[in-house]
Structure formats: C-alpha cells, structure tokens
Amino acid sequence: MSFDNNTPPGPLAEKWSRYRGTMNLVAPNNKRRIEIIIVGTGLAGASAAATLGELGYKVKCFTFHDSPRRAHSIAAQGGINAAKNYANDGDSVYRLFYDTIKGGDYRSRESNVYRLAEVSRNIIDQAVAQGVPFARDYGGLLDNRSFGGVQVSRTFYARGQTGQQLLLGAYQALSRQIAEGNVEMYNRHEMLDLVLVDGKARGIIVRNLLTGELERHAAHCVVLGTGGYGNVFYLSTNAMNCNVTAAWRATRRGAYMANPCFTQIHPTCIPQSGDYQSKLTLMSESLRNDGRVWVPKKQEDAKAIREGKKTGNDIPEEARDYFLERRYPAFGNLVPRDVASRAAKVACDEGLGVAPTGLAVFLDFEAAFMRYGQSKAHSAGLHNPSDAKVRELGVKVIEEKYGNLFEMYEKINGEDPYKMPMKIYPAVHYTMGGLWVDYNLETNIPGLFAIGECNFSDHGANRLGASALMQGLADGYFVLPYTIGQFLSQDIRTPKFDPNAKEFLDTEKDTRERLENDERQGQPVGGKLPPPPR
Amino acid sequence: MKLTLKIWRQKSPKDKGRFETYKVEASPHMSFLEMLDVLNEELISKKEEPVTFEHDCREGICGTCGLVINGQPHGPNKGTATCQLHMRFYKDGDIIVIEPYRASAFPVLKDLAVDRSAFDRIIQAGGYISVSTGAPQDGNAIPIEKDQAAKSFDAAACIGCGACVAACPNASAMLFVSAKVSHLALLPQGKVEAQRRAQAMVRQMDEEGFGMCSNVTACEVECPKEISVTNIARLNREYLSASLGSEV
C-alpha cells in the first residue's frame, strides 16, 4: 500500500498558514450533529476534547482513570519549549524547528515539525490565559531556562511540576466543556478495540472498569491520545497503567506503526534497587543544567563505593572522571539525552558504576552550590565569606530551583542529595515512534487520528527535552481541531452511527472471545507479564 | 522484615466490609505499594482475591493512590503520597492497619478504592478560567509579581487525592476547594470570575455531602503537597464578599 502524507505544497514556512486558510470547514449547525470519540485525557486528549467541545462538536471522551486529571502527562517535570525568544538569545521558529529536526537525527517530518514550532508560541499564551502559574522573574515576566540539547533558553516551567500545571489547565478547560454539556466524560472506561465501518474508524469497544461489562460506542471519527508504548519494556518511567492497549488494537485493525525502534532512554532516572521494583522514577533533566555527571577514574574506587566502604564525597577531584565534559566539551553535561544515556552505560560497562547493582553514575551539585553561593554573597555585599557560608547560600538557590526533585530523590533513595552526590541511571522514558499519521494527524485508517506521544511524526529518532508537552498541546489545542475538519467535512450528511449495527456487535464478540481466550491461558489482560527468567 | 497487615476488605459498595489479617515479607527498600504488590502476587498464586487499591504514577503526582495507614491518610511521613512511602520507615514485626478513605462523599467501591468523582464535579462547577482555545494576548502582556505567582503555584500544587477529606473529622473538602479558588484568584487572569467561582464551587461541595470546616487543620497536616490552610481563609473571604455583594 502507498502512504500519502498529505503535506500541503508551498514553502515550508508558509505551508500551515496557507493550508489553514484553504482547508475545508464544518459549519456550526453541522458540528452539532457530528460526534467525536477521544480516548485518553492527557495533554493531547484533554486539550483536544476541550477545544473540539468549544467548537461545538459532540465529544465523547474516555479515560481508564477515575478522573481525567490523573493522566501520566501530569508527571512531566522539566518544562515546555516555545520559540518566544523572550530571552533575546537568538531563538526563532526556524531555530526551534531546526533544533528539533537535528536532535531527531533528521528522521522527523519537516512540515509537521515546522508547524509545531510555529504554534508553540500560542501554547504559552493559551496556558497563561488558563491560569497556569509559570515561573516568573522579579519584573513579573515569564522566566526561561535552557534544556538539554540546545543553546538557547526557551523552556517555560512551573517549578518541577510543569506537566502537572499544564494538564490541570487542560483538565479545567475540559471540565468547563463537560459542565456545558459539550463533552460527555466516561471515566474508568478502557478502550479494548476499534470498530471499523466500511474501512473507516467509527467507534470503539470499551470495558467499564467498575462493572466489568463491555460497551459499544459510536461516532463519526475516533481520536487516540493514549500515549506511548514505553511499558513494553519491563521497567520504564511510565505510570503503572500505561498499557498501550488502545494503540495496539488500532494496529490490529490495520493502522500502521512507524519507527517503533525509536525509544528514548532518559539519562537521569533514580537507579533500580531490587527485583520487586514496579517502575522507575525520573529526575528532571533540568538537573543537568547545574549538576555535573561523573564516575571514579579507578575501578577500585567504584568498587569501594558499590560495597559501601566509600562514598562519592571520599573521591578527590583528581580521581573523578567528568566524562560528559571530557568527551563533549561544547555541550558538556547538556548533551542530548541519547548521548548522555549512552555515555553513562559505557562508564558502567567499564566497571565504574557506583550503585550496588553496578548501574549508576553520580550527578554532583557541589560546583553549583559554590557558584550560586558566590554570586548570592556578592549581591548581598558579603566580603570574604567562608566556604561554608557560600555553600549554604548556594544550597538555598538550588533548593528554590529544584527543591521538590531533591526531596523526591531523598524519599526514594534515603540519601540527602544536598550532602551526597545523587546517583542516576538511564531508563526507558518516551517513545518517539507510534501510529503513522499524515499532515492531518490521521492514520492510514480513515477517521482514526493519533495525537501526542501516540503518533510518530515530530521527534524523529530522539526527542529534545521539554518538547513532549509542547507536542501534546500543539496537537490537541491548535492542530487537530483544524485538520479533523478535512475528514469530517465529508461526513456532514452522515447520520449518527448505531452502536447496535453489525460491525459493532461483531467487534464486541471478537473482543469478548479474545479476553476469554487470554483468561484461559492465564495471561493477565493488558497487565504486566511475569518477570523474565534470571 | 516480617509484617502483619490488617487490611479493609469490602466486596462492593453495598457489602458491609471487614478487616482481614495478612502476613507479608518485605524489604526496607520497597515502596509501600510494592509491598502490597508482593502481597497480591502471593494472594493470586494462592487463587485468592487480590486486594484492590488504586495507584498509577507512583511518583506522588497523579493523586490516584490514597490509603489510610494506621489512621493517617498517606501514612506517617509529612508531605508524602502513599506511593512515596518506603518500607525503611517500618521495622520487623510491625502491625500495619490499612483502610480506605472514610467519608460519605467518597463511597467505597471495593476494598481500598473509593469514588472521588465528587471532586471532578466541584471543578466542573467553576474551577476554571473561562477562556476558549484561540489567540489570547501574549503571555507576557500581564506581568505577575513573582511572589504572587509563587503563592498561586503553592495552591495549584494540589493533586486532588482527597487526603484532606479523609483527615477531617467533618469530612470537609474545604482545603481542596480553597486551593483551586486561591490558585485562580491570585492570578489577574482568574480574578475576574473569582467571586462567582467561589460561590459555585462551595455550592457544589455542599451538594456532594462534604462536611463543614471547623478549623481543625488536620487537612494541612496530612496533605501530601502541604497545601496551607491559609487558602481556606482566602476562600472564606471570596465567598463572604461574593455573598454580601450579590444582592446589592
């Protein structure tokens, strides 16, 4: 079969605005008759549901959580990129586009990425208007920081809880539409299959998780905002319930996956501690702005640390190998994620790991404590402050920047990161691959759309830090609400679909048989498989 | 370490429910929920019904988990959700009592899982800024004083877990409601609707059957995000001025 990506003609920078100006629209009186199913209420799903509800479509939104606010977007810590150039450091739409393409090893679709960089600016404005409490400077303006892999400061953040605040913004917008009756919300419903009518996606089979019953739901089209497939790996940073069933069933019904090998391994996770471990916890990559990554130069030192005879603080400066700074002097500790992850694995493979499992490297803030402390002491007019005083002032600065991350580390690891260098190790974190989509975010099944991490188009072989939130919200707020009209404008005279039609009953029967078969074989449905043999 | 667990088992919302005792072998590095995973694996291998408890992110941010452990929502540690509690805070031979939240507005669904949809309905009543997706003004058009933005953030950090309700002897939801009212009222963007919002959310809270606030402040103590009761004062002020001004 052939794939037409439906990218509009014209120069890159003008594609989206020209397309928007000429694409098919659905009139308001017709929108009221058209139903849309959205599965997932993360940043992409919730923002799409809210926006399509505002536009007047009849939206049915599904989540397996008890509330739309629980989706795993909430756990994103670091921030969200936007080409605002508030920092006046040479950023532009083109530069964000170029960084994203280059960071993704030239494997992303240029037209989609350019559009993403363009609408990134609207996302910040939209989020501020919704009441997202971004970090601000003393002048009251939005603060920016730089994030792994780039040389400009274009990342907006809300302490270490940017994903939470953006998701709550989208959740609140969605709640407003639920209250107004534009969105019908189905909590605790898990999608188990996709229903095709004449080759087009027209409905889903879900399980009501409270009663266990299967239900059939019909609509004019189906949007999947169901996240990535990170949990196909035994341990990842994904939430426990991220089981990728929805996207998997879509592929079983004929949707194509693209780039499934492109999995992002995040360099700064808290190392695994034992066999019972249920998941890994991520520390925001923003920590690499101020932390220095190192391992001991000598294997004996690493061994002594692993056995608990020494700590990181016992290793003198000259016996440490700051391997990222040594190998990549231009970027230092801010090299892209894949590079940092690979380098950490190489160090551990050489027997230089510093956790009992042998799988950890240090992330050290000592230099940052002293650097920030000195600047604080200078601005406070302290002359010749003692090192202890400087460090104390520096600790306060770091606490303000990353307080909750340091706290979280201590809760999990039991060590105080203000006193001892942190231990980190790479972990599966994000999947750049996903359902193949065209410029309209439509999969190869007509009427089936995929947004956010669920699709494949924007990050190529490697996603830059703080770009996941950007893409989820771009798709949901500013792209899909336009492009979905290209499909739906053909359907304005199509009456409602009947969930009791043959196609729905057949798919439900299929689903039921599959579940019963899985049960007979003792496989947990959609759950975790038993651990691999050791 | 060997632990004795007394866990609330309840088959359905209508079942009366009872405590059952289980023995479990745990490691100090496990999280509390991983310890329950180990128990459930054992129960499943013995063909017994595993204990239903809710959880998702296991990083203390999604707000799905919420167990009452030895009488305290989210257990003994300050500023910690259940999923962030680790077994190193317990010792060999400890007896741990695990219950669901107890509040009539949060009916028990099964074992340790409760229905918190009342919180969603409170947000739907007005916990938002009425702005549609489009082209609002530039993000920097309205400067917001740094400390004011920080205060708003402190209130916005609420994860909607419901521990405040479980901690309150009146099962009041005032901390939850006041956190959302404060988050939005402290920002110029949310100020416009602040009074209407406070009234609508309080009305919905009362309809859901949450109790009144009598300033016990147990909610603040148990809140995993350490949301301050100052927010309740702020809610009362918004609500009072809205009520006084509404008929004039």
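Rules used throughout
- Residues numbered from 1 in each chain as written.
- Chains lettered and ligands numbered in written order.
- Predicted model: local features only at pLDDT ≥ 70, side-chain atom pairs only at ≥ 80, totals over all residues.
- Helix = DSSP H or I, 4+ residues; strand = E, 2+ residues; numbered from the N terminus.
- Rg over C-alpha atoms; globule rule 2.2 N^0.38 Å.
- Buried ≥ 20, exposed ≤ 12 C-beta atoms within 10 Å, placed from the backbone.
- Contact = placed C-beta atoms within 7 Å.
- Nonpolar A, V, L, I, M, F, W, Y, C, P; charged D, E, K, R; others polar.
- Core = buried A, V, L, I, M, F, W, Y, C linked by C-beta atoms within 7 Å.
- Domains from an automatic or database assignment.
- Pairing = 2+ DSSP bridges.

## What to know about the overall build of chain A
Line of reasoning, step 1. Each helix and strand counted, chain A has 14 helices and 18 strands in total.
Line of reasoning, step 2. Taking 24 Å as the expected radius of gyration for a compact globule of 534 residues, we find that chain A reaches 24 Å, a close match to that expectation.
Line of reasoning, step 3. Reported as C-alpha extents along the three principal axes, the dimensions of chain A are approximately 80 × 55 × 40 Å.
Line of reasoning, step 4. Every one of the 534 residues in chain A was classed for burial, and the buried ones make up 57%.

## A short note on the interface of chain A and chain B
Line of reasoning, step 1. Counting residues at the interface gives 57 residues for chain A, matched by 58 residues for chain B.
Line of reasoning, step 2. Of all the secondary-structure elements, those providing two or more residues to the side of chain A that touches chain B are helix 3 (43-55), helix 5 (110-130), helix 6 (162-179) and helix 12 (387-413) of chain A.
Line of reasoning, step 3. No other element matches helix 6 of chain A, which puts nine residues into the side of chain A that touches chain B.
Line of reasoning, step 4. Among the residues making up the side of chain A that touches chain B, the classes are represented as 23 nonpolar, 23 polar and eleven charged.

## Observations concerning the nonpolar core
Line of reasoning, step 1. Counting residues in hydrophobic clusters, the biggest one holds 192 residues, and the most contacted among them are A:Val223, A:Leu224 and B:Val165.
Line of reasoning, step 2. Those residues in contact with B:Val165 that lie beyond four places of it in its chain are B:Tyr101, B:Ala103, B:Ala105, B:Phe106, B:Ala171, B:Ser172, B:Ala173 and B:Phe210.
Line of reasoning, step 3. By size, the runner-up hydrophobic cluster in this structure holds 44 residues, among which are A:Leu363, A:Ala368, A:Ile398 and A:Ile424.

## Comments concerning the domain arrangement of chain A
It is common to give the size of an interface as the accessible area that goes away when the parts come together.
Residue and element names in this part refer to chain A.
Line of reasoning, step 1. Under the domain assignment, chain A is made up of domain 1 (12-262 + 432-508) and domain 2 (266-428).
Line of reasoning, step 2. Centre-to-centre separation of domain 1 and domain 2, based on C-alpha positions: 34 Å.
Line of reasoning, step 3. Facing 20 residues of domain 1, the contacting portion of domain 2 comprises 23 residues.
Line of reasoning, step 4. For the side of domain 1 that touches domain 2, the per-class residue count stands at four nonpolar, 14 polar and two charged.

## Structural notes on the sheet that holds strand 5 (residues 153-156) of chain A
Residue and element names in this part refer to chain A.
Line of reasoning, step 1. One open sheet holds the three strands; their spatial order is 3-5-4, and the pairing between them is antiparallel. Looking at strand neighbours, the two that pair on one side only are strand 3 (80-81) and strand 4 (144-146), the edges of this open sheet.
Line of reasoning, step 2. Pairing of strand 3 with strand 5, which is carried by two bridges, proceeds in the antiparallel orientation. Within the sheet, the bridge partner assigned to Asn-81 lies in strand 5 and is Thr-155.

## With respect to the pairing of strand 9 (residues 214-218) of chain A
Residue and element names in this part refer to chain A.
Line of reasoning, step 1. Of the strand pairs in this sheet, strand 8 (residues 200-208) and strand 9 are connected by five bridges, and their pairing is antiparallel. Within strand 9, the residue paired with Ile-204 across the bridge is His-217.
Line of reasoning, step 2. Adjacent in sequence and paired antiparallel, strand 8 and strand 9 are bridged by five residues, among which Gly-212 carries a positive phi angle near 85°.

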